[in-house]
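# Structural overview
This is what each chain is made of:
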Amino acid sequence: MGGSCQRKFIRLFELPAAGLKTGRWLVAAWPRRYAGRRRPPREAADWIKGKCVEFLADYAGFLAKTVTLVVAILVVLVAVAVLRSRGRRSGGQLQVTKLNDFYKALRQRLEQSILDKDQLKALGKEEAKAAKAAKKQAPQKSRVYVLDFDGDIKASATEGLRHEITALLSLATPQDEVVLRLESGGGMVHSYGLASSQLARIRQAGVPLTVCIDKVAASGGYMMACIGERIISAPFAILGSIGVVAQLPNVNRLLKKHDIDFEVLTAGEYKRTLTVFGENTEKGREKFQEDLETTHELFKNFVARYRPQLEVDEIATGEVWLGMAALEKQLVDELKTSDEYLAERAREADLYQLHYVQKKSLQERVGLAASVALDRFALTWLGRLTQQRFW
């Protein structure tokens, strides 16, 4: 221990000694023979150093025991939670928010910031009088159920959408309305086919369905949108892309270059048409293209069924249009943002936003949350790479 550091360290333990002359100090923790000295001898510093090391060793042992105890308690709690969760079905919860209250709170906050007390008082009386008169004239307002769908490549939001639709169909009537705020650039055919089928349940029940698009509804997204009796789009939203695309790399020549064989064995002539590692044949390519054409034809027929006013062959080219051009092509019925439309409906109807929240399992909360985040990250970037044309 150096001289200066040694002196600073000693100062931490110094206490003024009662009854001694000014400037004389007594270090309480030292042996009695060192009391009253201005500069303690070398052996005193060694003694302090040894005591410090002894204290740190004791503290490290105590800390290790504490950490071990905490870890043991956590292991027991996790084990108990796992045992309790076994055999239970994972479920979720439907959250319902009345949007009228949300809009009202926004307006009241602005009024409180701008109007004075007298104006607020007068406005409150007018609103109370209008509410009383409206209650006498209209016994019950119609309901608008607001759903949200933010689609990725796998249309993962379908899991919540199906429960939300099941819930609202148990109460909704043809006098009510369902508004879907849709954002999706498309993805897997079977995933968006299922999402579209869920929306078709609303049409089959006779409940009016309005689809609002603020940013994009392309490919599988438009497959969902076309089911709406009304499609409302923001002026610069992207719509269309009624087409089918499939792409995959082939590294067969690279494997051959390094003398690596890859065997593809199938039972059925067209069980595997194109592969990543095997050698693709012209016959396989033709069959794959035929499957794409078949899927495209089904897509076109699906759109024509719900939007008979469209010239399907004209718009089913895989092209996309902005909202203003889409209105001319009759891909949409009106140019308006979802905020504007819902604010208008809130004046004459009760708006309820439905959101089904899936309960996360213990594994997701403790360990698999990182895996879910990584999967979402990969899907997001894959979606961006496949939708570069929309930028």
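Thresholds applied
Residues numbered from 1 in each chain as written. Predicted model: local features only at pLDDT ≥ 70, side-chain atom pairs only at ≥ 80, totals over all residues. Heavy atoms only, no water. UniProt positions renumbered as here; feature names shortened; annotations may be inferred. Helix = DSSP H or I, 4+ residues; strand = E, 2+ residues; numbered from the N terminus. Buried < 20%, exposed > 50% of the residue type's maximum accessible area, 1.4 Å probe, protein only. Contact = heavy atoms within 4.5 Å. Areas by Shrake-Rupley, 256 points an atom, 1.4 Å probe, with all protein chains shown as cover. Polar contact = N/O pair within 3.5 Å; in protein donor to acceptor, adjacent residues only side chain to side chain. Pairing = 2+ DSSP bridges. Right-handed = clockwise from strand over helix to strand, strands pointing away. Core = buried A, V, L, I, M, F, W, Y, C linked by side-chain atoms within 4.5 Å. Expected span 1.5 Å × (residues − 1). Axes fitted to C-alpha atoms, helices over the stretch in contact; angles between N-to-C directions. Parallel < 35°, antiparallel > 145°, perpendicular 65-115°, else oblique. Phe/Tyr/Trp six-rings, centres within 6.5 Å; stacked < 30°, edge-to-face > 60°.

Looking at an unreviewed UniProt entry, one finds the protein chain named Serine protease SohB and attributed to Pseudomonas straminea. Under Subcellular location (unreviewed entry), UniProt gives the following word-for-word description of the protein chain: "Cell membrane".

A count of helices and strands for the protein chain gives 13 helices and 11 strands. Among the 391 residues that make up the protein chain, the fraction classed as buried is 31%. In the protein chain, 70% of the contacts between residues at least 6 apart in sequence involve partners at least 24 apart. As presented, the protein chain carries roughly 26,100 Å² of accessible surface, and 56% of it is formed by carbon and sulfur atoms.

Attention now moves to unusual backbone geometry. For Ala155, which is not glycine, the phi dihedral falls at a positive 55 degrees. Looking at where Ala155 falls in the secondary structure, it is placed in the loop between strand S4 (142-150) and helix H5 (158-169). Taking relative accessible area as the criterion, Ala155 reaches 3% and is therefore assigned buried. If you check the backbone angles, Ser241 has positive phi at about 55 degrees while not being a glycine. With respect to the secondary-structure elements, Ser241 resides in the loop between strand S8 (238-240) and helix H8 (252-257). In this structure Ser241 comes out as buried when scored by relative accessible area, which is 11%.

To continue, consider the side chain of Thr210. When you line up the elements, Thr210 lands in strand S6 (residues 209-218). Look at Thr210 and you get buried, because its relative accessible area is 3%. In terms of polar contacts, Thr210 uses its side chain to reach the side chain of Glu177, at 2.6 Å. When near neighbours in sequence (up to four residues on either side) are disregarded, Thr210 contacts Glu177, Val178, Val179, Leu180, Arg230, Ile232 and Tyr341.

Moving on, we get to the pairing of S4. Note: S4 against strand S11 (residues 349-358), five bridges, orientation parallel. Bridging across to S11, Ser142 finds its partner in Ala349. As paired strands, S4 and strand S5 (residues 177-184) are joined by seven bridges and run parallel to one another. Bridge pairing in S5 places Val144 opposite Glu177. Since S4 and S5 lie parallel, the crossover through H5 that links them has a hand, and here it is right-handed.

Attention shifts here to the nonpolar core. One finds Phe149, Leu180, Leu199, Tyr222 and Met224 to be the most contacted residues of the largest nonpolar core, which totals 45 residues. Element by element, the count of residues in this core is highest for helix H6 (residues 189-204), at five residues. Excluding anything up to four places from it in sequence, Met224 contacts Phe149, Leu161, Leu180, Leu182, Tyr192, Ala195, Ser196 and Leu199.

Now for helix H9 (residues 282-306). Given a rise of 1.5 Å per residue, 25 residues ought to cover 36 Å, and the 37 Å separating the end C-alpha atoms of H9 matches this to within 8%. Gly284, Leu292, His296, Phe299, Lys300, Val303 and Tyr306 are the residues of H9 that are buried. The elements touched by buried residues of H9 are H6, helix H7 (220-225) and helix H10 (312-315).

It is worth spelling out the packing of H5 against H6 at this point. Think of two packed helices as two axes; the pair is described by the angle between the axes and how far apart they sit. Packing of H5 against H6 brings their axes to within 10 Å, and their N-to-C directions diverge by 10 degrees. With respect to H6, the element H5 is oriented roughly parallel. Judged by residue contacts, Thr158, Leu161, Arg162, Ile165, Thr166 and Leu169 of H5 engage Ser191, Leu194, Ala195, Gln198, Leu199, Arg201 and Ile202 from H6.

Attention shifts here to the packing of aromatic side chains. Tallying each qualifying case throughout the model produces five aromatic pairs. Measuring from centroid to centroid gives 6.4 Å for Phe149 and Tyr192, while their planes differ by 70 degrees, and the two rings are edge-to-face. With Phe149 in strand S4 and Tyr192 in helix H6, the pair connects residues that are 43 residues apart, well separated along the chain. Each of the two residues, Phe149 as well as Tyr192, counts as buried. Aromatic pair Phe262 and Phe277: ring centres 5.1 Å apart, planes at 40 degrees, arrangement tilted. Of the two residues, Phe262 sits in the loop between H8 and H9 while Phe277 sits in the loop between H8 and H9, which places them 15 residues apart along the sequence.

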